[in-house]
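One letter stands for each residue in the lines below.
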Amino acid sequence: MMYSVAFAALVASAAAFQAPLGAGIRGSALAVSPASPAAAGVVMGANIRELRDRVGSVKNTRKITSAMKLVAAAKVRRAQEACLRSRPFTETLERILGGLLKRLSTESLDIPLLEQREAKTVGLLVITGDRGLCGSYNAGAIKKAEKRIAELKDQGIACELILVGNKGGTYFKRRETPVRKAVPCSQAPTAAQATEIATELLSSYYAGELDRVELIYTSFISMISSVPSIRTIVPLAPQGIETEGDEIFKMTTKDGELSINKEKVAAAPAAEFSADMIFEQEPSQLLNAILPLYLNGQLLRTLQESVASELASRMAAMQSATDNAKDLQGTLEREMNRARQAKITQEIMEIIAGASSV
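Residues numbered from 1 in each chain as written. Predicted model: local features only at pLDDT ≥ 70, side-chain atom pairs only at ≥ 80, totals over all residues. Heavy atoms only, no water.

### Focus on the overall build of the protein chain
Here is step 1 of the chain: A tally of helices and strands in the protein chain yields 6 helices and 7 strands.
Here is step 2 of the chain: When contacts within the protein chain are restricted to residue pairs at least 6 apart in sequence, long-range pairs at least 24 apart make up 76% of them.
Here is step 3 of the chain: Accessible surface, the protein chain as shown: approximately 19700 Å² in total, 56% of it carbon and sulfur. (Helix = DSSP H or I, 4+ residues; strand = E, 2+ residues; numbered from the N terminus. Contact = heavy atoms within 4.5 Å. Areas by Shrake-Rupley, 256 points an atom, 1.4 Å probe, with all protein chains shown as cover.)

As structure tokens, this is what we get:
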């Protein structure tokens, strides 16, 4: 008697579920083969487990990319502090150099670094990063170098490469353009690293192995924009050296978000040397000693700017990856919830089908 009451209650519950669902679940539509529900249940459960695993994986990826963004931001701050520490020496050097050039403006200059000669072999100093995950930073510099190499070959000028950064070294070592020197690019450029590069450039230029050296680097514009640029660094132009301005990058927070502001800094005024000032050495000898220091300073500043561009690109790339992971996580969670609802609905339908068949 108790079994009959329990079975009657089950039939009543099935009827209650069946009434709101309408006529679409009556008759032959509810006739399901005995093997199909079991197989569908296994597949449904497997799909839910796979989606749950994917959601967990995406959550972990989101945490990693967010942490990498914060690490890049901390390194940008250190690069900014290094730039500010080196400014007093750079400004003093530019003032003295400007004053000497102004004093010698009417004299003939016999200075190798200012000598213009026909370019038969050009050295390209290409600055890239040591690692990836920084958007188009490395690819942009490499494409710029490839384009410049093609232009020089069309003019019948030979090219040799001086590579800074493992990414550029890995790429160009597999190409036909000869590589003169390759060095890594650290996240905190130092004066010693700039001196090593400058020594290689100057020795090759003085020996006549290179007639001109062009620099290919990534100029920092903003957090979401950096432009591959090219300019000649050897030989130096006697006019305009002392009038080159500078920029300072400052990282700040605005509305809870990291941002980098670029501040223009006027060039240091040229030092004034009186007309009756007597130099213990010839001014040209002083220039021959100061110009390599000036070149070192320019290379160091370029390395620091390139590192800032790389870190800003990495911050933007990691922020984009974090946002994409967040969107993907939401999509997977919605899909997982729909699968769970479909599984529950299917189980209810099986109960109703069993009750109706009785």
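### Here's the deal with the environment of leucine 215
Here is step 1 of the chain: If you trace the backbone, leucine 215 turns up in strand β4 (residues 212-222).
Here is step 2 of the chain: The exposure class of leucine 215 is buried, given its relative accessible area of 0%.
Here is step 3 of the chain: Sequence separation of leucine 215 and leucine 299 is 84 residues, and the distance between their C-alpha atoms is 9.2 Å.
Here is step 4 of the chain: Other than its neighbours up to four places away in sequence, leucine 215 contacts Leu125, Ile127, Ser229, Ile230, Arg231, Ile233 and Thr302. (Buried < 20%, exposed > 50% of the residue type's maximum accessible area, 1.4 Å probe, protein only.)

### Details of the nonpolar core
Here is step 1 of the chain: Counting 43 residues, the largest nonpolar core has Leu125, Val164, Ile197, Leu201, Ile233 and Leu299 as the members making the most contacts within it.
Here is step 2 of the chain: Those elements that provide at least two residues to this core are α2 (35-103), β1 (121-127), β2 (158-164), α5 (191-206), β4, β5 (225-234) and α6 (283-357).
Here is step 3 of the chain: Ignoring any residue separated from it by four or fewer positions in sequence, one finds valine 164 in contact with Leu125, Val126, Ile127, Thr128, Val183, Pro184, Cys185, Gln193, Ile197 and Leu303.
Here is step 4 of the chain: Among the nonpolar cores identified, the runner-up in size contains 14 residues, and Val126, Ile142, Leu152 and Ile157 belong to it. (Core = buried A, V, L, I, M, F, W, Y, C linked by side-chain atoms within 4.5 Å.)

### Concerning the side chain of serine 229
Here is step 1 of the chain: Mapped onto the elements of the fold, serine 229 is located in strand β5.
Here is step 2 of the chain: One polar contact links the side chain of serine 229 to the main-chain carbonyl oxygen of valine 227, over a distance of 3.3 Å.
Here is step 3 of the chain: With residues near it in sequence (within four places) discarded, serine 229 still touches Leu215, Ile216, Tyr217 and Ser219. (Polar contact = N/O pair within 3.5 Å; in protein donor to acceptor, adjacent residues only side chain to side chain.)

### Comments concerning the confidence of the model for the protein chain
Here is step 1 of the chain: Overall, the prediction assigns the protein chain a mean pLDDT of 78, with 75% of residues at 70 or greater.
Here is step 2 of the chain: Within the model, the stretch residues 1-43 combines pLDDT values under 50 with 25 contacts to residues more than four positions away or in other chains. (pLDDT = per-residue confidence, 0-100.)

### Thoughts on the pattern of salt bridges
Close approach of charged atoms lets side chains of opposite charge pair.
Here is step 1 of the chain: Considering all chains together, one arrives at 9 salt bridges under this definition.
Here is step 2 of the chain: Among the ionic pairs, arginine 148 bridges to glutamate 151, the shortest N-O distance being 3.0 Å. With arginine 148 and glutamate 151 both in helix α3 (residues 137-154), this residue pair falls 3 residues apart, about one helical turn.
Here is step 3 of the chain: For glutamate 151, a relative accessible area of 32% corresponds to the partly exposed category.
Here is step 4 of the chain: Here glutamate 310 and arginine 314 are joined by a salt bridge, their closest N and O atoms 3.3 Å apart. A residue pair is termed a helical-turn pair when its members lie 3 or 4 positions apart in one helix, as glutamate 310 and arginine 314 do in helix α6 at 4 residues.
Here is step 5 of the chain: Given the relative accessible area of 0%, glutamate 310 is considered buried.
Here is step 6 of the chain: Given a relative accessible area of 5%, arginine 314 falls into the buried group.
Here is step 7 of the chain: Three or more residues joined by partner-sharing salt bridges are found here, namely Arg148, Glu151, Arg212 and Glu214. (Salt bridge = Lys/Arg side-chain N within 4 Å of Asp/Glu carboxyl O.)

### Some details on the packing of α5 against α6
Here is step 1 of the chain: At their nearest, the axes of α5 and α6 sit 9 Å apart, and the two run at 120° to each other. One finds that α5 runs oblique with respect to α6. Here α5 and α6 pass one another in a crossing that is right-handed. Between α5 and α6, the contacting residues are Ala191, Gln193, Ala194, Thr195, Ile197, Ala198, Leu201 and Leu202 on the first element and Pro292, Leu295, Asn296, Leu299, Leu300 and Leu303 on the second.
Here is step 2 of the chain: When grouped by side-chain class, the residues that make up the contact of α5 with α6 number 11 nonpolar, 3 polar and no charged. (Axes fitted to C-alpha atoms, helices over the stretch in contact; angles between N-to-C directions. Parallel < 35°, antiparallel > 145°, perpendicular 65-115°, else oblique. Left-handed = near helix turned anticlockwise from the far one by under 90°. Nonpolar A, V, L, I, M, F, W, Y, C, P; charged D, E, K, R; others polar.)

### Digging into the pairing of β2
Note on strand geometry: in a regular strand, side chains alternate between the two faces of the sheet.
Here is step 1 of the chain: Of all the 7 residues making up β2, 5 are buried; the element is thus mostly covered by neighbouring parts of the structure.
Here is step 2 of the chain: In this sheet, β2 lies alongside β1 in parallel orientation, the contact comprising 7 bridges. If you follow isoleucine 127 over to β2, its bridge partner there is valine 164.
Here is step 3 of the chain: With α3 bridging β1 and the parallel β2, this β-α-β connection has right-handed handedness.
Here is step 4 of the chain: Across 4 bridges, the pairing between β2 and strand β3 (residues 179-183) is parallel. Residue pairing in the sheet places leucine 163 in a bridge with alanine 182 of β3.
Here is step 5 of the chain: Each parallel crossover has a hand, and for β2 linked through helix α4 (residues 166-172) to β3 it is right-handed. (Pairing = 2+ DSSP bridges. Right-handed = clockwise from strand over helix to strand, strands pointing away.)

### Remarks on α6
Here is step 1 of the chain: With 75 residues, α6 should cover 111 Å at 1.5 Å per step; its first-to-last C-alpha distance of 109 Å lies within 8% of that length.
Here is step 2 of the chain: The sharpest bend along α6 measures roughly 25° and falls at isoleucine 290, with the proline proline 292 sitting one to four residues further on. (Expected span 1.5 Å × (residues − 1). Bend = angle between axes of the 7 residues up to and from the residue.)

### Brief notes about the environment of threonine 121
Here is step 1 of the chain: Looking at the element boundaries, threonine 121 is found in strand β1.
Here is step 2 of the chain: Sequence separation between threonine 121 and valine 213 is 92 residues; the distance between their C-alpha atoms is 9.0 Å.
Here is step 3 of the chain: With near-sequence residues (within four places) excluded, threonine 121 lies in contact with Ile157, Ala158, Glu160, Glu209, Leu210, Asp211 and Arg212.

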